[in-house]
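# Fold and geometry: a report
This is what each chain is made of:
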Amino acid sequence: MFALSKRSLIKLNVNQEEYEVFIRPSDILLFTLREQLGLTGAKPGCYNGDCGACTVLVDGLPVKSCLMLTAEAIGKQITTVEGLKDAPIQKAFIEQFAFQCGYCTSGFLMVCHALANRHPNPPDIVIDEWLQSNICRCTSYEEIGNAIRKVLSGTCK
Amino acid sequence: MIPFDFEYYRPDTMQEATDIFRQLESEGKTPVYYSGGTELISMARVGNVIFDAAIDIKNIPECRVLEYDQDNNLVLGSALTLSEITESNQFPLLGKTAGRIADHTMQCKITLGGNLASTIIYRETVLPLLTAESRAVVASHDGLREYPINEIFNQRLNLEKGSFLVKIVTNRGFAESPYFHIKKTKNEKIDYPLLTTAGIKVGGMLRIPFSGLCSYPFRSMQIENILNDTGSFEERADKIADTVSENILNDTSGSSEYRKFVLKNTIINVLETMKDV
Amino acid sequence: MIEDRPPLARKKVRYYGEPIALVVADSDFTAAKAVSLIQVEYKPLPVVNSPSQALEKDAPVLHEQMILYHLTSEDIYPELNTNICDRKKIRKGDVKQGFAASDIILDSTFTLPQSDHIAMETRAVHARIDADGTVFIKTSSQTPFSVRESISQTFNINLDKIIVEVPFVGGGFGGKAPVQLELLAYMASKAVGGKEVKMINSREQDIASSPCRMGLEATVKLGAAKNGMIQAVQITYLLDTGAYSDVGPRLIKAMIVDCTGPYNIPNVWCDALCVYTNHPYVTSFRGFSHASSAFCIERMMDKLAHALQMDPAEIRAKNALQPGNTSPTQVKITPSIFGNLTACIDKLKALINWDEGTMIEVGNGKVRAKGMACLWKTSNSPPNAVSGVLLTFNTDGSINLNCGCVECGPGMKTTAAQILSEKLKMDINRISVNMEVNTKYNPEHWKTVASMTTYMVGRAVLRAAEDVIQQLKNLAAAVLKCPPEDLEVANEQVSVRQDPSLFLQFKDLVHGYQYPNGNSVGGQILGRGSFIMGDLNLLDQETGAGKSGPYWTVGAQAVEIEYDRKDYTYRFVKAATVLDAGKVLNPKMAEGLVKGGMCMGLGLGSRESFSYDKDGKVLDTSLRTYKVMHFGETPQYLVEFVETPEIDAPYQARGIAEHGIIGIPAALANALSLAAQAELDELPLTPETIWRIKTGGCS
């Protein structure tokens, strides 16, 4: 049985690197990433799982890191936006003007990236379902839809 | 940020889980079982719940099963995520219901057991289970016990202290029955329900449970008797609305009068779509 | 404007969410623990839960001491011992006569709720006070220079001792224009000897504690002749400013200025009251009151068209303001000042296929309907609003553009670089603009609000460009031994017009010119450009006459919905906008801004609102219950532009950042009113609202 009864040093695998961090068992993954590892790409927007700005990938699936204990992430592969290097979706976002203020962008990128990896050819309903997990307040979403469709259709690599 | 400290345990067996629960209790601590954690974390953040230890059951193999047993029953572990259930497509009605709870990313974290044991009043995953006469397998210190879902779930999941839900067992015939799922919200697709129903047709009879209509999810024989009775669809809808009238929720999602209107429409809708099934 | 709000409530708490105490701790963990130890006992006071209730005879007065409040502007007229903190008026023509000349008179009342900005980044501040007393504030703000001013005045600190820094801002929409957390953060730092403190709003605090978007109750009476020509309008606006006034007085000014919509109405009577209630206090929000005022007048236009059995597009075109008409505040309409509304309407009709019919049965109890709304907006910026630009050169000839506007999404820095690159005829990639703003190093820019940044920064950029062109030419003229006026600047070169093979490169001039023998002349070339709003004035107290902005941006918008008669639900099919942009500078960005505005407008129209309980407690304080538009729920967006030059603007460009939102709630309500055959005069239009209005709320 894994037990973490007090503030302890643990190992986290983030963006394919091992990190040692000192955490409380009650610490939230979002803040461990931001404050201890300096990975500020995941953004707090609601602290309640409603906006998706803090989305990271855990073993390839999107997770709202504001609703995950850091302790839960031990032994898992975490990917943050800093771990995306020239992913097609990043290029597509720029080409399609899929962001304005940019605050929601990393969360959207992570959802799109995971979607493209898991469902290379999804029907529209699946695209809608995945991307409805996030909120963008600047764009009309149409631009974000165009960006993910460019990636899925292979016209943005 | 959760403004209090707690201990975190991730047992590998059911026995370890119930043992550590007992041990912590004997030390005067308040442990909780922890599955997807989304609700616990959001409630803990605003001080609506406080505990001394979280016992994460996601590593217990029995809580993660997704299989048919030797009696051809579908067995779903309580720590399966909603998205795992939807993607498996083994219990289409449950998959459909799970696919309309919160949003997709959250469905990758929320678990079946967590939704059933939720303090938020909707607990929509219970609707398919109520109609399919599923059975709940519960672990406690003295071993496993199986309960019919309608016994252990009365308005909410009633577990004895120290016990936790391990899996849900459902007859394959029920799991594959023709079904309907309707979720009505205030306006936004991703929202708590004004009303959700998720039922099946068995032996020519419709089973119709509700969430969001009252302050708890339920299935009512009285309603189903009216539903399966004769009379025009409108008459049956009116009668059903009258029987629940006094208990209909009234909140910012919708007034009780409006919910009543939505209820009637939904019943007519169900009767129409299921009439030739 | 009215200094009525202490940073922390004193003696009286006036709204749910009002900050009452501040805890400073070494970590958020400890701070949260400490907060949970604070016990507060409130003595309940009677609650004012709507502006009309605030005006009732025996209504409790929220601010008994209004007489003591300092007013920072002369055009504010508080009514003591009432809840009216300002009243602004339009008296143009003679409405009595106008109504007498009318064949038809329509009356309606409108109720629009408060709502919230929901910028994805909640408001956040860092503050520290250095040993020499320098106050350092890092904040997510649209108004770094106002933050500095406010800290200075509130705590009596010299301006030169305050440095405000603003990084990229995660969305503003007007919500980060007011100064609130910055004052608290300063107080917190002060309390711990100047140590750096960090304050970040939770989403719940951002919604309930920080300022929100205005609510409105309005009554409108509109009179017209049989031929559809409007004769008179009489409007009373009650603006729900919440517990404190913030920019409420400016909001009612913006409402009266454009109260007629972009239509020629000869006789206008309008009273706009800024009313205190026990709701969260309000501030600027994209469109600065115009989405609300346009809702009222544009619903009236549809009612008028319906009553006269005229085409809603035709009645708008017929009444559209034309050169020679005057605005409600008696500003003369010219093509440059106003643009061309008729052209926008025509283009919109084609874009949304208006002439196929505004209501089409699609079977199965469903109907498709289209609604239209026009819009106009001017800046309402103060006459003394300033913007400055400084240019420095790197030794390789590339340029640093230094300005004080904030980047919160609309790509202002890109626009500034575009304008400079166009003026200097050089590659935009050789111009770098400061992204962060620091009040110590960047020249002041009034505020990044009101869709005025292109206009103000742009004009300062042009002046700075002129300044460096002159200096470059003077220096090159000396070296090349020719008159400066014979030289041209392009491609980072100064060349002789008659013989372009004679030229000097920027890199050889911008840090001084060195002769072959080593002698050097010139020195660094530093460009400066400064702009002040100038010819605006305060409005006359009695008639409202006066000029409150340099020009208007006008436009026409439409929404098409598919409505289900059985259950009063609907989905968005199309949303279209045609704006008179003057000149589109950045086409993809312009389109994106307008679409984003439309999306937000659909949110206001269909789902966004605060609801309160009987004690004025806001019930929707998380994004779980406060709903905004999501992916996959949006219509097809159609955006086009008309270009009527604004002759004073940089490259004739009008502001367009806010305007996409303005007419959308009205166009949606017009479409739904048509589809549902009901008068939908409130927002948001949820299926339940339509059901209630259609059936009287009885199932």
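Residues numbered from 1 in each chain as written. Chains lettered and ligands numbered in written order. Predicted model: local features only at pLDDT ≥ 70, side-chain atom pairs only at ≥ 80, totals over all residues. Heavy atoms only, no water.

This part is about the side chain of Lys201 of chain B. Residue and element names in this part refer to chain B. If you trace the backbone, Lys201 turns up in strand E12 (residues 195–202). Although Lys201 lies buried, it forms no salt bridge, and the closest oppositely charged side chain, Asp276, sits 7.2 Å away as judged by the N-O distance. Of the polar contacts made by the side chain of Lys201, one reaches the backbone oxygen of Met274; its length is 2.7 Å. Within the structure, the side chain of Lys201 is placed 3.4 Å from the backbone oxygen of Val277, a separation counted as a polar contact. (Helix = DSSP H or I, 4+ residues; strand = E, 2+ residues; numbered from the N terminus. Buried < 20%, exposed > 50% of the residue type's maximum accessible area, 1.4 Å probe, protein only. Lys, Arg positive; Asp, Glu negative; His and termini not counted. Salt bridge = Lys/Arg side-chain N within 4 Å of Asp/Glu carboxyl O. Polar contact = N/O pair within 3.5 Å; in protein donor to acceptor, adjacent residues only side chain to side chain.)

A few words on the confidence of the model for chain B. When pLDDT is averaged along chain B, the result is 97, and 100% of the positions lie at 70 or above. In the predicted assembly, ipTM is 0.97 and pTM is 0.97. (pLDDT = per-residue confidence, 0-100.)

With 33 residues of chain A at the interface, the matching set in chain C holds 41 residues. For the pair chain A and chain C, the summed buried area comes to about 3000 Å², and 58% of that belongs to carbon and sulfur atoms. Among the residues of chain A in contact with chain C, Gln100, Arg137 and Tyr141 of chain A are the three that bury the most area, contributing 26% of the side total. Scanning the region where chain A abuts chain C turns up 3 salt bridges. A salt bridge links Asp50 of chain A to Arg624 of chain C, with the shortest nitrogen-to-oxygen separation between them at 2.5 Å. Taken together, the links from chain A to chain C amount to 12 residue pairs in polar contact (both at pLDDT 80 or more). Element by element, the count of residues in the side of chain A that touches chain C is highest for helix H5 (residues 142–152) of chain A, at 5 residues. Tallied by class, the residues present in the side of chain A that touches chain C amount to 14 nonpolar, 10 polar and 9 charged. (Contact = heavy atoms within 4.5 Å. Buried area = accessible area lost by both parts, 1.4 Å probe. Nonpolar A, V, L, I, M, F, W, Y, C, P; charged D, E, K, R; others polar.)

Take the pairing of strand E25 (residues 570–580) of chain C next. All names here are of chain C. Counted residue by residue, E25 has 9 buried out of 11 residues, so it is predominantly covered. The pairing of strand E24 (residues 553–564) with E25 spans 9 bridges and is classified as antiparallel. Bridging across to E25, Gly555 finds its partner in Leu579. What sits between E24 and E25 in their antiparallel hairpin is a turn of 5 residues, with Tyr568 showing a positive phi close to 65 degrees. Taken together, E25, helix H14 (residues 587–606) and strand E26 (residues 636–642) form a β-α-β motif whose crossover is right-handed. (Pairing = 2+ DSSP bridges. Right-handed = clockwise from strand over helix to strand, strands pointing away.)

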